[in-house]
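Chains, contacts and geometry: an overview
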Amino acid sequence: MEALKASSFPSLHINTTLHKTQFRRPVFLNFHFNPIPSSSFSLVHKKQSKFKAFTTISSTVSTEPTNPPEPALETHSQGEKFDWYSQWYPVMPVCDLDKRRPHAKKVIGLDVVVWWDRNEEVWKVFDDTCPHRLAPLSEGRIDQWGRLQCVYHGWCFNGSGDCKFIPQAPPEGPPVHTVKKACVAVYPSTVQNNIVWFWPNSDPQYRDILMEKKPPYIPEIDDPSFTNSMGNRDIPYGYEVLIENLMDPAHVPYAHHGIMQTQRPKDSVKADREGGRPLQLMIEKLDINGFKADQGWSNSKFLPPCVFYAYTKPVNQANGSESSVRTKKETSVQRSFVLVFICIPVSPGNSRLIWTFPRNFGVWIDKVVPRWMFHVGQNLILDSDLYLLHIEERKIMDVGNANWHKACFVPTKSDALVIGFRKWLNRYAGGQVDWRGKYSGTLPPTPPKEQLMDRYWSHVVNCRSCNIAYKGLNALEVVLQVVSIVSIGIAAAAKQGAISAVARTTMVLLAVLFYATSRLLAHFIYKNFHYHGYDHAFR
């Protein structure tokens, strides 16, 4: 396989002809997100609607011991080596970027600033450092001429990184702003699939790297007949653990119990309350460019370093020898969907996830329901195993990444993709992300759970839809409280006989109702936009 290029990226148009009465929702990977028409997961509590999510399950359950996947990982190879800095990296979905201001992001240890150059009408990715006194440009502004301005001393830069104005320099010269040291490092960047990508090398020789190598392209995301709603979240555990988790379907009935509804085995073969069962996962091909896997209902691919996606198989592959005979009363529909997960290394112990689930059915739902309502459920799913993975990463660090296969016991085929990823990582990529000596090798300390799982700073401020909803709901809370106080005041201040006793009582009751509603709304805001605790012992 050639290096990852758009020209070599396989098309993902998977059209599945399904009988309307026999369409089986695919068993969901651990993918934390649901490919059903709702495009999201409504929160599942006992008195709320359940998520229609799924787990990948083999079509038959074997009672005989299965042949475990080979766990041996190669830490050295005489062949090709994966270059972490010769790849395209996603920064953020365009839908969550504001053209009026610069945005600070960290990717593979690099501090970058993303901003809209209205003169060239393109998104730009710069080094987030002003050459003057190294202040972050992301704290600046875009001036009236469309230049990126550092607010520390007012230096201004155009889309090419050239300094165009130094307020402190005498207008009569010399023109110090033209000196090379006054320029900002500019990274090659592009927008593909509604995501801003950048090449992590500002050397001029890579200026036209897009002509040689492109980010992975998924046509369904750009197809107007498919949904293309996206989400993003900063994750307090590392890139390696994030990808492993997304490749592991077996944990879904357990880590997400009570949140995601999984396909249950028959009572005769059900071994526990959650309904876990053997899974037949298999790596079909593994090389420096990632791997392809068979997950029963779907095929999946890992395109290093960031993209992991799964797509449905045609019916004749997913269901074996299914009859193609249809009666006249039966109708068939074409249903296709792809589950796309983009995992971004940020720094040791931190990563970022971008997700989207293009599908060509139930498209109207995404047009009616705002994104923030979908994100409420999706964040709950992410939170439900967040602490487990945060601690797991520290235990892996204690034994060392190179000793993962010795410390972890993975005897079943349900771990085939996780083992495949670790094999790729050790064989081709040096066993871990190459931070180029920026970090000491230790992970950041573990904060209290409420801070670790905080949604506001990890998601809400970075999601345009959730940010708008958060501000709107907070404003509604204040309005309800004001109306409550005003109602009480009017009822108390009105002279005797000015209003009837019935009206006075009604105003008091409304005041109490408005205040109680404001308190319930405050609780909703806190649980869904700040912190939602998750206790597995009582799920």
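Before reading further, recall that the structure is shown in the block above.
This structure is a prediction, so every number in the text was calculated from the model and none was measured.

Here's the deal with the overall build of the protein
- Looking only at helices and strands, one finds twelve helices and 20 strands in the protein.
- Expressed as a percentage of its 539 residues, the buried residues of the protein come to 50%.
- Sequence-distant contacts in the protein: of pairs separated by 6 or more residues, those separated by 24 or more amount to 71%.
- In the form shown here, the protein has an accessible surface area of approximately 26,000 Å², with 55% of it arising from carbon and sulfur atoms.

A short note on the nonpolar core
- Core analysis: the largest hydrophobic core is formed by 80 residues, its most contacted members being Trp-84 and Trp-424.
- In terms of residues, this core owes the most to one element, helix H9 (residues 416–428), which gives eight residues.
- If near-sequence neighbours (up to four positions away) are discounted, Trp-84 is found in contact with Tyr-89, Ile-108, Pro-200, Tyr-239, Pro-305, Trp-424, Leu-425, Ala-429, Gln-432, Val-433 and Asp-434.
- Grouped together as the second largest cluster of nonpolar side chains are 15 residues, Phe-126, Ala-135, Trp-155 and Phe-157 included.

Quick notes on the packing of helix H2 (residues 239–246) against helix H7 (residues 386–399)
- Contact geometry of H2 with H7 gives a least axis separation of 10 Å together with a crossing angle of 120°. When the axis of H2 is compared with that of H7, the two are oblique. Considering how the two elements wind past one another, H2 and H7 form a crossing that is right-handed. Residues Val-241, Glu-244 and Asn-245 of H2 lie in contact with H7, whose contacting residues are Leu-389, Glu-392, Glu-393 and Ile-396.

Let's talk about the sheet that holds strand S3 (residues 103–107)
- Spatial ordering of the open sheet is given by S3-S4-S5-S10, a layout of four strands whose pairing is antiparallel. Each edge of the open sheet is held by one strand with a lone partner, namely S3 and strand S10 (186–187).
- Where S3 lies against strand S4 (residues 110–117), five bridges are found, and the strand directions are antiparallel. Within S4, the residue paired with His-103 across the bridge is Val-114.

Thoughts on the packing of aromatic side chains
- Applying the stated criterion across every chain yields a total of 22 aromatic pairs.
- Note that Arg-335 overlies the ring of Phe-361, its terminal NZ or CZ placed 5.1 Å from the centroid.
- Residue placement shows Lys-449 over the ring face of Tyr-387; its charged tip is 4.4 Å from the ring centre.

A closer look at the pattern of salt bridges
- Taken as a whole and judged by the stated rule, the model has twelve salt bridges.
- Through salt bridges that share partners, Arg-233, Asp-383 and Arg-455 make up one connected network.

What to know about the sheet that holds strand S20 (residues 350–356)
- If you trace the seven strands from one edge of the open sheet to the other, you get S13-S20-S19-S17-S16-S15-S14, paired in antiparallel fashion. The open sheet has two free edges, formed respectively by strand S13 (230–235) and strand S14 (282–287), since each of these has just one partner strand. Taken over all neighbouring pairs, the strand axes of this sheet differ in orientation by 15° on average, direction set aside.
- Packing against the sheet, helix H6 (residues 371–384) makes contact with S13 and S20, and its axis sits at approximately 35° to S13.

Observations concerning the environment of Pro-224
- Residue placement: Pro-224 occurs in the loop between helix H1 (219–222) and S13.
- Sequence-wise, Pro-224 and Asn-360 are 136 residues apart; in three dimensions their C-alpha atoms are separated by 8.9 Å.

Focus on unusual backbone geometry
- Omega for the peptide link from Gly-173 to Pro-174 comes to 0°, which places this bond in the cis form.
- Turning to its location among the elements, Pro-174 is positioned in the loop between strand S9 (163–165) and S10.
- With an omega dihedral of 5°, the bond running from Pro-304 to Pro-305 counts as a cis peptide bond.
- Mapping Pro-305 onto the fold places it in the loop between strand S16 (298–303) and strand S17 (307–312).
- At Leu-134, a residue that is not glycine, the phi angle is positive and equals roughly 65°.
- Its place among the elements puts Leu-134 in the loop between strand S5 (122–127) and strand S6 (141–142).
- Residue Asn-193 is not a glycine yet carries a positive backbone phi of 55°.

As for the packing of H2 against H9
- Their axes nearest at 9 Å, the elements H2 and H9 cross at an angle of 145°. Crossing geometry of H2 relative to H9 is assigned as right-handed. Counting all contacts with H2, which are made through Tyr-239, Glu-240, Ile-243 and Glu-244, the residues of H9 involved are Val-418, Phe-421, Arg-422, Trp-424 and Leu-425.
- Its residues assigned to classes, the contact of H2 with H9 comprises six nonpolar, no polar and three charged.

Observations regarding a nonpolar patch on the surface
- There is a patch of nonpolar side chains on the surface, built from Val-478, Val-482, Val-486 and Ile-490 and spanning about 320 Å² of accessible area.
- A relative accessible area of 47% places Val-478 in the partly exposed class.

Quick notes on the pairing of S13
- Counting buried residues in S13 gives five out of six residues, a clear majority hidden from the surface.
- Where S13 lies against S20, six bridges are found, and the strand directions are antiparallel. Each residue of the ladder has a partner; that of Asn-232, found in S20, is Ile-354.

Concerning H2
- Burial runs high along H2: eight of the eight residues are buried.
- Buried within H2 we find Tyr-239, Glu-240, Val-241, Leu-242, Ile-243, Glu-244, Asn-245 and Leu-246.

Things to note about the environment of Thr-312
- Among the secondary structure elements, Thr-312 is positioned in strand S17.
- Residue Thr-312 is classed as buried on the basis of its relative accessible area of 8%.
- Once the C-alpha coordinates of Thr-312 and Arg-335 are considered, the two residues, 23 residues apart in sequence, prove to be 9.3 Å apart.

What counts and how
- Residues numbered from 1 in each chain as written.
- Predicted model: local features only at pLDDT ≥ 70, side-chain atom pairs only at ≥ 80, totals over all residues.
- Heavy atoms only, no water.
- Helix = DSSP H or I, 4+ residues; strand = E, 2+ residues; numbered from the N terminus.
- Buried < 20%, exposed > 50% of the residue type's maximum accessible area, 1.4 Å probe, protein only.
- Contact = heavy atoms within 4.5 Å.
- Areas by Shrake-Rupley, 256 points an atom, 1.4 Å probe, with all protein chains shown as cover.
- Core = buried A, V, L, I, M, F, W, Y, C linked by side-chain atoms within 4.5 Å.
- Axes fitted to C-alpha atoms, helices over the stretch in contact; angles between N-to-C directions.
- Parallel < 35°, antiparallel > 145°, perpendicular 65-115°, else oblique.
- Left-handed = near helix turned anticlockwise from the far one by under 90°.
- Pairing = 2+ DSSP bridges.
- Phe/Tyr/Trp six-rings, centres within 6.5 Å; stacked < 30°, edge-to-face > 60°.
- Lys NZ or Arg CZ within 6 Å of the ring centre and 35° of its normal.
- Salt bridge = Lys/Arg side-chain N within 4 Å of Asp/Glu carboxyl O.
- Nonpolar A, V, L, I, M, F, W, Y, C, P; charged D, E, K, R; others polar.
- Patch = residues over 30% accessible without salt bridge, like charges linked within 9 Å, V, L, I, M, F, W, Y side chains within 5 Å.

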